[in-house]
Each structure stands twice: as structure tokens, then as C-alpha cells.
Amino acid sequence: VIDERELIERAVRAWTPAEVSFEALRTRRERKHRRARIRSAALAIVIATASVGLLVRAMRTGDDQPASHLTWTQVDLNGLLPRHHERFWSATSWDGEYVVLAQQNVNDGSAMHLLASRDAVHWRELPPIETDHRAFAFSVTSDGDRLIACGFDAKGGAIWLSRDATSWQRIGLAGADGKVFGVSVTQGRLFAWGQTGYLVAPDRTNSEMALWTSVDGQTWMRAVSTGRPFGEITTLLPTPEGYVAVGDPNGGAHPAPRTWTSSDGVHWAWDPGQPPLPEEAVLGGQVAVGVATGRELLVFGGWADANHVTHAAIWRSADGTHWTYSPVEGSPSLIDVQAVEGGGFVGVGATGVWYSADGVAWTQQTDANGCVLGYLTQGSNSLVAVGIQPACAWTTMIPEGATR
Amino acid sequence: MERQLPALQGDENGRDLPPGAVVDSFEDFFIAEMARFLGAMTVIVQNRSEAEEIVQDAFLKVWERWGSVRGMEEPVGYLYRVGMNLYRSRLRRAGVALRHAVHPSRTRDELAGVEARDEAVRLLAVLTPREREAIVVTGYLGYSSDEAGRLLGIKGDTVRVLVGRARSAIRDVQGGDPE
């Protein structure tokens with residue numbers, strides 16, 4: 001007869017597991033919270049498990065009626081979200097509506113919610129994407145006709161397409177056993193980026209960062225990078241010659257803004273003309289979001305000095321290859337930025353909504369009642385900002401003359 | 001050999017939480033449960049560092065929800081369930097990853113070292129992860145098959161089958177073992 005209890009107790013003694021002290025747990029918790037705060041402050045946007053699916057729109061920037069005095073109003077979402085700790089992960093405009101994606105961790109998986117609104121004030125819940133209970137969507141965007149979401153499910157990294165926001169088609173990406181963090185539509189071509197695998201052990205992974213591209217959304221191919229593999233891509237922008245992807249080649253270990261360029265979207269090269277960092281940036285720098293105005297590319301981010309103090313930064317380029325750096329005034333901690341038609345930029349982040357006429361000097365428009373805002377989307381006459389911590393939404397009407 | 005929740009009724013490891021007890025302080029809960037939870041997870045996971053990671057992450061999840069968990073009838077059961085879910089999640093990911101892995105993992109090296117030192121470890125190592133979960137939750141933690149089933153997210157009958165297979169596998173190894 002086997003005495004199972006004794007057998008297992010002997011095994012436990014043989015393994016001699018190390019003690020975990022409450023102090024160690026407290027330290028781990030503080031580290032986790034610190035990471036979350038840093039993420040919210042936009043310097044660590046590009047970490048592996050919480051890519052924020054940044055919205056990037058190529059928009060014309062005029063020179064009249066800048067949206068410098070927008071009045072923001074909090075949207076009442078009571079009743080549409082089941083749990084107070086749910087958070088929005090992404091937002092986009094599609095078919096005359098605003099669509100936001102919310103994701104909630106539940107005990108044995110996750111639950112996905114899609115909300116839609118025509119006026120940014122009255123919202124309704126859309127049917128969730130039908131998939132398995134482990135599915136998680138990081139980002140949603142639109143190519144005009146379709147909603148395009150990206151994330152992962154039990155089968156691996158995936159793209160989901162829908163023309164009616166009701167029925168969705170799942171498309172697996174070749175080699176994507178991991179997660180697809182971001183998706184964008186740039187100059188008519190679709191791009192998605194993410195991980196090819198998983199963490200095998202706490203200190204070992206077989207995963208690498210990858211970029212996929214598609215013309216029709218149905219057939220995807222993995223892009224090729226010569227010179228240096230893709231890093232964690234944050235933003236993908238159009239250039240006069242094609243495309244530039246901006247990200248971090250080191251996966252956050254020794255962060256630095258770096259670029260890869262391509263003329264066809266399939267073949268990419270590690271670009272020698274990299275965005276410069278100031279000498280004081282001894283702890284590196286990272287990119288939060290990029291915007292293409294039609295005249296130039298602007299990439300917002302920050303860098304950290306030897307005292308771990310972070311400084312907001314902007315890098316500008318006309319061609320995606322040659323970049324200049326300048327400090328940002330106003331400490332806006334930007335996570336997402338939109339070039340507003342009519343002139344100027346609206347940005348959101350850990351400290352609410354900000355406005356800048358030139359991308360350099362920023363003034364706060366609202367503190368959003370402490371909500372960390374992560375996404376901006378622009379419709380026919382409104383801007384909608386949604387929060388990532390906790391789920392919340394703010395909206396503003398764009399003044400007459402500053403709209404499309 | 002099922003016991004009716006002896007692990008929840010106080011034991012030599014300093015546990016003093018009766019079923020349904022409300023523990024106000026998360027720290028008290030952590031101190032009461034940590035050693036046993038870590039021991040159980042180490043045997044199930046067969047890897048010290050990974051078990052430690054899972055145990056810490058599970059406690060953190062419980063801590064984040066402590067306001068509601070503390071009032072649960074079985075906060076300990078909730079802790080184990082979270083731990084099992086985290087383990088399975090890692091197992092699933094590692095399974096996908098290992099299909100592509102070229103080098104043998106450190107887990108096997110560490111296991112081989114511990115196996116060489118102790119027969120009990122060697123006997124438990126022949127079990128599948130699910131069999132090991134079932135026998136640890138019933139035989140070590142003392143849950144009944146039905147309770148273990150709820151904790152593991154499977155039917156009580158399935159637990160009984162897994163425990164039966166585990167016992168049979170252990171007997172087979174013992175029978176063929178000259179020691």
C-alpha cells in the first residue's frame with residue numbers, strides 16, 4: 001500500500017523548495033506596480049505582454065482653427081461594462097462610428113467587449129468576437145471597410161476581420177505561436193507585429209519579434225529584416241519612399257528608439273540613420289507613438305537620465321531616415337497622439353489630455369479625473385479618448401472649421 | 001486513501017485555518033499557507049524556480065483580490081486553483097515552445113539531480129502532470145476527489161481515475177525497482 005502523503009512529503013523535502021518571504025512577495029508586488037506606473041507614464045509602452053496597440057493616422061495638418069481650447073466631457077459608461085477594473089485596450093473609427101475594445105481578465109481566461117457609438121455620447125455593446133476563452137485582443141483598427149483586431153487565442157497569434165462588427169473571421173499568422181500586439185493600416189497595406197513564441201522558462205525564450213504584412217487582410221506574409229532582426233515595434237509610419245517602423249531592438253532591456261525602413265513593406269533594412277538620444281540619456285529612451293502629418297513624421301517618447309528621471313522627447317523626420325531630437329515642454333507623458341485636422345496635435349497619457357500647436361510645447365486640457373488615457377480616435381466631428389486605467393471615456397466636439 | 005480536508009484543519013506545518021475561517025490579514029494568510037503551497041507546487045511542477053514563480057504570482061493575484069477572497073468559504077481552495085491555472089497556463093505555453101526548442105531544458109537537468117537523490121521524487125516523476133496534480137491535491141493536501149475536482153476544474157470521477165492511474169504507475173515502478 002502506498003502512503004501517498006508520506007511519499008509526497010518525502011518528495012517535498014527532497015526538492016527543498018526555497019522559502020518565499022512576505023517581504024519578497026511585497027517587493028515583487030511593488031515591482032509589478034512600479035512597472036505598471038512606468039507603463040502608464042509612456043516610457044515603457046513597448047513591453048512584451050502589454051503592447052498598447054497604438055493608433056497612428058496619416059492626416060493632413062492645416063494651419064487654421066487649431067483645436068487649442070477643446071472642452072472635454074466624461075462619457076457615462078455605467079451599465080455597459082461588467083466590472084469596474086475592466087480597461088479599454090484600443091479605439092478606432094469605423095463606418096461612422098467610434099469602436100472601442102475592452103478586455104477583462106477572468107479566472108480561467110479573458111472576456112472581450114466591443115462598444116460602439118455614433119455620437120461619442122450614447123454607447124452600445126457589440127457582440128464579442130466569437131473565439132475561445134483564452135483569446136485576448138490587444139488592438140483594433142479599421143481600413144475603412146473592415147474592423148481589424150489583433151491578439152492571440154489558444155491557437156496562437158491571430159488577426160480577426162469583420163465587415164459588420166458582428167461576424168468575425170480569424171486569420172492565423174504564419175510562425176505566430178505567441179501574440180500579435182499591434183496592427184496598422186499604412187498607405188493601404190496592413191501590418192501586424194508581435195511575438196513568434198513563448199517564454200520557455202523564466203530566463204529562456206524561443207520567441208522573437210516579428211512583423212507581418214498583407215495587402216488584402218486575408219493573406220499575410222512575414223516581413224524580412226536584413227542587418228538586424230525586428231525589435232519591439234511601437235509605431236509604423238508612411239514615408240515618401242515607403243514605410244518606417246519605429247521600436248526598440250532590445251525588448252526593453254537597454255531601450256533605444258530605432259528604425260527599420262522598407263520600400264515595399266515586405267523587405268526591411270535596419271536603418272543606419274537612427275533617432276538620436278541626448279548624452280544624458282544613460283538609461284536609454286523609448287518611443288510611445290508616432291504621427292505622420294503629411295509633411296513630416298513625429299515620434300513621441302522619452303528617455304531616462306542616470307537618476308531614473310524621465311524626460312519627454314520628440315523626434316522628427318521628413319523622410320523616415322534622418323531624425324532630429326528635441327525636448328518636449330510641458331511633461332505630458334504621452335501615450336497616444338493625433339494630428340487634428342485644422343492644426344495642432346492632441347495627445348493623451350497618464351495625466352489626461354494635452355494640446356500642442358507644434359508637437360513641442362504642450363498644455364494640459366483636462367486631467368481626466370486621474371484616469372490614465374491610452375487611446376485617441378477621431379471621427380467626423382469629435383475626438384474620443386479612452387482610458388486604460390481604469391476603463392473610462394472622454395469626448396470633445398472638434399470646433400467648426402477644424403473638422404473634415 | 002482520501003482524507004476529509006485534514007490540511008484545512010490544522011497540521012504540523014503551522015496551519016491553523018479551519019474551513020470557512022475568515023482571515024483578516026493577507027499577511028497572516030500568506031504565512032499560514034506559503035510553505036505547504038510551495039511544497040505542493042514544487043512537487044507538481046518538478047522545478048524549484050518555476051514553482052516559486054507560480055506561487056508568488058498566485059499569492060499576488062489573491063492579494064489583489066483579497067477584499068473578496070477573504071470572505072470566501074474556501075480562500076485556500078481559491079489560492080490552489082489560481083496556482084493550478086497559472087501552472088497549466090505555463091505548461092501549455094512551454095509545450096508549444098518546447099516543440100521548437102533545440103536544447104534540453106534546465107528543468108530536466110534539475111529534475112535529474114533531485115531524482116538521483118530521492119526515490120520519492122523518482123516515483124512521482126513517472127506520473128503525467130495531471131496525475132501528479134490529482135495525487136498531490138488528494139493525497140497530500142487531503143481534499144476528497146469531488147473537492148479536488150472542483151479545485152482542478154475537472155469532474156470528481158476524473159480525479160478518481162487519475163489517482164488510480166497514478167497509484168498503478170507508482171506500483172509498477174516500485175515493483176520493477178530493485179531498491
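Please refer to the structure placed before this passage.
Residues numbered from 1 in each chain as written. Chains lettered and ligands numbered in written order. Predicted model: local features only at pLDDT ≥ 70, side-chain atom pairs only at ≥ 80, totals over all residues. Heavy atoms only, no water.

### Brief notes about the overall build of chain B
Now for step 1: Broken down by element type, chain B carries nine helices and zero strands.
Now for step 2: Ordered by position in the sequence, the α and β elements of chain B form the string α-α-α-α-α-α-α-α-α.
Now for step 3: Within chain B, the proportion of its 179 residues that are buried is 52%.
Now for step 4: Across chain B, the fraction of contacts at a sequence separation of at least 24, relative to all contacts at a separation of at least 6, is 66%.
Now for step 5: When the accessible surface of chain B is split by element, carbon and sulfur atoms take 49% of a total near 7,900 Å². (Helix = DSSP H or I, 4+ residues; strand = E, 2+ residues; numbered from the N terminus. Buried < 20%, exposed > 50% of the residue type's maximum accessible area, 1.4 Å probe, protein only. Contact = heavy atoms within 4.5 Å. Areas by Shrake-Rupley, 256 points an atom, 1.4 Å probe, with all protein chains shown as cover.)

### Some thoughts on the overall build of chain A
Now for step 1: Secondary structure summary: chain A contains two helices and 31 strands in total.
Now for step 2: Here the contacts in chain A between residues at least 6 apart in sequence split such that 47% fall between residues at least 24 apart.
Now for step 3: A total accessible area of about 16,400 Å² is found for chain A, and carbon and sulfur atoms account for 50% of it.

### So, the sheet that holds strand β7 (residues 147-153) of chain A
Residues and elements named next belong to chain A.
Now for step 1: Strand order in the open sheet formed by four strands is β6-β7-β8-β9, and the pairing between neighbours is antiparallel. Sheet topology places β6 (136-142) and β9 (169-172) at the edges, where each strand pairs with a single neighbour. On average, each strand axis in the sheet is inclined to that of its neighbour by 25°, with strand direction left out of account. (Pairing = 2+ DSSP bridges. Axes fitted to C-alpha atoms, helices over the stretch in contact; angles between N-to-C directions.)

### Section: the pairing of strand β26 (residues 345-349) of chain A
Residues and elements named next belong to chain A.
Now for step 1: Among the five residues of β26, five are classified as buried, and the element is accordingly described as predominantly covered.
Now for step 2: Judged by which residues are buried, β26 turns out to be covered on both faces: F345, G347 and G349 on one side and V346 and V348 on the other are all buried.
Now for step 3: As paired elements, strand β25 (residues 334-339) and β26 share five bridges and run antiparallel to each other. For D336, the partnering residue across the bridge sits in β26 and is V348.
Now for step 4: Where β25 folds back on β26, the antiparallel hairpin that results is connected by five residues, among which G342 adopts a positive phi of roughly 105°.

### Considerations on the sheet that holds strand β16 (residues 224-226) of chain A
Residue and element names in this part refer to chain A.
Now for step 1: Pairing is mixed in the open sheet, where five strands are placed in the order β16-β20-β19-β18-β17. Whereas interior strands pair on both sides, the edge strands pair on one side only; in this sheet they are β16 and β17 (232-239). Direction aside, neighbouring strands of the sheet carry axes that sit 30° apart on average.
Now for step 2: The sheet contact formed by strand β19 (residues 258-262) and strand β20 (residues 267-270) spans three bridges and is antiparallel. Paired with T261 across the strands is A269, a residue of β20.

### Some thoughts on the pattern of salt bridges
All names here are of chain B.
Now for step 1: Across all of its chains, the model carries 13 salt bridges over all chains by this definition.
Now for step 2: A salt bridge links R65 to E64, with the shortest nitrogen-to-oxygen separation between them at 4.0 Å.
Now for step 3: Residue classification places R65 among the partly exposed positions, given a relative accessible area of 29%.
Now for step 4: We classify E64 as partly exposed; its relative accessible area is 41%.
Now for step 5: Measuring nitrogen to oxygen at the nearest pair gives 3.4 Å for the salt bridge that ties D146 to R160. With D146 in helix α8 (residues 145-152) and R160 in helix α9 (residues 156-175), this residue pair connects regions lying 14 residues apart in the sequence.
Now for step 6: Under the relative-accessibility criterion, D146 is labelled partly exposed at 41%. (Salt bridge = Lys/Arg side-chain N within 4 Å of Asp/Glu carboxyl O.)

### Here we look at the nonpolar core
Now for step 1: In terms of nonpolar packing, the biggest core is built from 59 residues, with F26, M41, F59 and L124 of chain B touching the most fellow members.
Now for step 2: Each residue touching L124 of chain B, except ones within four places of it in the same chain, is listed here: L7, I8 and A11 of chain A together with V43, R132, I135 and I170 of chain B.
Now for step 3: Membership of the second largest hydrophobic core comes to 34 residues, among which are Y98, V100, A158 and A165 of chain A. (Core = buried A, V, L, I, M, F, W, Y, C linked by side-chain atoms within 4.5 Å.)

### Concerning the pairing of strand β22 (residues 297-304) of chain A
Residue and element names in this part refer to chain A.
Now for step 1: In terms of residue burial, β22 counts as a mostly covered element, since eight of its eight residues are buried.
Now for step 2: Because side chains alternate across β22, one face comprises the buried residues L297, V299, G301 and W303, and the other comprises L298, F300, G302 and A304, equally buried.
Now for step 3: Note: strand β21 (residues 285-292) against β22, seven bridges, orientation antiparallel. Residue V287 lies in a different strand from β22, and its bridge partner there is G301.
Now for step 4: Where β21 folds back on β22, the antiparallel hairpin that results is connected by four residues, among which G294 adopts a positive phi of roughly 105°.
Now for step 5: Inspection of the sheet shows β22 paired to strand β23 (residues 310-317) by eight bridges, in the antiparallel sense. Each residue of the ladder has a partner; that of L298, found in β23, is R316.
Now for step 6: Joining the antiparallel neighbours β22 and β23 is a turn of five residues, in which H308 adopts a positive phi near 65°.

### Concerning helix α7 (residues 129-140) of chain B
Residue and element names in this part refer to chain B.
Now for step 1: When the terminal C-alpha atoms of α7 are compared, their 15 Å separation across 12 residues agrees well with the 16 Å that a helix rising 1.5 Å per residue should span.
Now for step 2: Counting buried residues along α7, 10 of its 12 residues qualify, which places the element largely inside the surrounding structure.
Now for step 3: For α7, every residue scored as buried is listed here: E131, R132, E133, A134, I135, V136, V137, T138, G139 and Y140.
Now for step 4: Looking one or two places after α7, you find G142, whose phi comes out positive at around 85°. (Expected span 1.5 Å × (residues − 1).)

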